[in-house]
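Geometric and topological summary
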Amino acid sequence: MSHPFDVAELAATYASKSPQDILKLAFEHFGDELWISFSGAEDVVLVDMAWKLNKNVKVFSLDTGRLHPETYRFIEQVREHYKIQIELISPDQSKLEPFVKEKGLFSFYKDGHGECCGVRKIEPLRRKLSTVKAWATGQRRDQSPGTRSQVAALEIDGAFSTPERPLYKFNPLAQMTSEEVWGYIRMLELPYNSLHERGFISIGCEPCTRPVLPNQHEREGRWWWEEATQKECGLHAGNLIAKS
């Protein structure tokens, strides 16, 4: 299938551009059809930048049913701060209920997080993205040296595209460091998840997230019982595909 632009060429051209420039490119091509993925962590920077470019920006967040109470409060804070809707995407109960009945609520500590994430995150995201032409994420290269060091400014989504229906994925914050992200949050006094004040850096579901110790990498607080190079839940499975 032909593309409206040369993805590889634009990815190279925008590799060192600012997040705002990458978002401008995304809005230029997709306008109100671009969706922003908001995870309830530092993605508020992405929401802020996108909202300043397009007040009609569309935002969604995955509600796995296992998020921290602080994350739910934060999502509501962001909704109120920007006066925008945040579409919450929930798991399919017809898939979730049999899984919980068979495996219980904490099977991932024994057999890995893949199956639980598949039901609670990947299926709902696939359902959402099947209706979307382009989305933007808050992925950064410094978040996980094992899986995200090659994140591109723009790509064809390797996990959720089909040959008939390409899905364009923008990663405007790819080059930003954690220090730069937090500098932006503090400078503009943006709302943030209160868990960050308690040592949580990378925030996901409550059972699979913990604070990190001094000098630990942020990703060490996620799925700490598993091997470091597999610390993706499937939302950005293309990172693992690209690495292998």
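The structure contained in this document is the topic of the report that follows. None of these values were measured; they are calculated from a predicted model.

Section: the overall build of the protein
Looking only at helices and strands, the protein features 9 helices and 6 strands. Buried positions account for 51% of the 244 residues belonging to the protein. Within the structure as shown, the protein displays about 11,700 Å² of accessible surface, and the carbon and sulfur contribution to it stands at 52%.

Describing the side chain of H196
Checked against the element boundaries, H196 lands in the loop between α8 (178-188) and α9 (238-243). A polar contact of 3.0 Å, which involves the side chain of H196, links it to the backbone oxygen of F200.

Description of the pattern of salt bridges
Overall, the coordinates contain 11 salt bridges when judged by the stated rule. Among the salt bridges present, the one from R79 reaches E76, with a minimum N-O distance of 3.1 Å. Note that R79 and E76 are positioned in helix α4 (residues 69-82) at a spacing of 3 residues, about one turn of the helix. Given the relative accessible area of 36%, E76 is considered partly exposed. Measuring nitrogen to oxygen at the nearest pair gives 2.9 Å for the salt bridge that ties E123 to R127. Highlighted residues: E123 and R127, both in helix α7 (residues 114-129), separated by 4 residues, approximately one helical turn. In this structure R127 comes out as partly exposed when scored by relative accessible area, which is 36%. The network of salt bridges with shared partners includes K103, D111 and E115.

Considering the nonpolar core
Counting 41 residues, the largest nonpolar core has L34, I36, F38, V44, V45 and F170 as its most contacted members. Taken together, the elements giving at least two residues each to this core come down to α1 (7-13), α2 (19-30), β1 (34-37), α3 (44-53), α4, β4 (134-136), β6 (168-170) and α8. Formed by 11 residues, the second largest nonpolar core is a distinct cluster that contains V132, W135, F160 and L167.

What to know about α2
In a regular helix each residue adds 1.5 Å, so 12 residues correspond to 16 Å; α2 covers 16 Å between its end C-alpha atoms and thus fits that length. Those residues of α2 that fall on the buried side of the exposure criterion are P19, I22, L23, L25, A26, F27 and F30. The first or second residue beyond α2 is G31, which carries a positive phi of 55°.

How each quantity is defined
Residues numbered from 1 in each chain as written. Predicted model: local features only at pLDDT ≥ 70, side-chain atom pairs only at ≥ 80, totals over all residues. Heavy atoms only, no water. Helix = DSSP H or I, 4+ residues; strand = E, 2+ residues; numbered from the N terminus. Buried < 20%, exposed > 50% of the residue type's maximum accessible area, 1.4 Å probe, protein only. Areas by Shrake-Rupley, 256 points an atom, 1.4 Å probe, with all protein chains shown as cover. Polar contact = N/O pair within 3.5 Å; in protein donor to acceptor, adjacent residues only side chain to side chain. Salt bridge = Lys/Arg side-chain N within 4 Å of Asp/Glu carboxyl O. Core = buried A, V, L, I, M, F, W, Y, C linked by side-chain atoms within 4.5 Å. Expected span 1.5 Å × (residues − 1).

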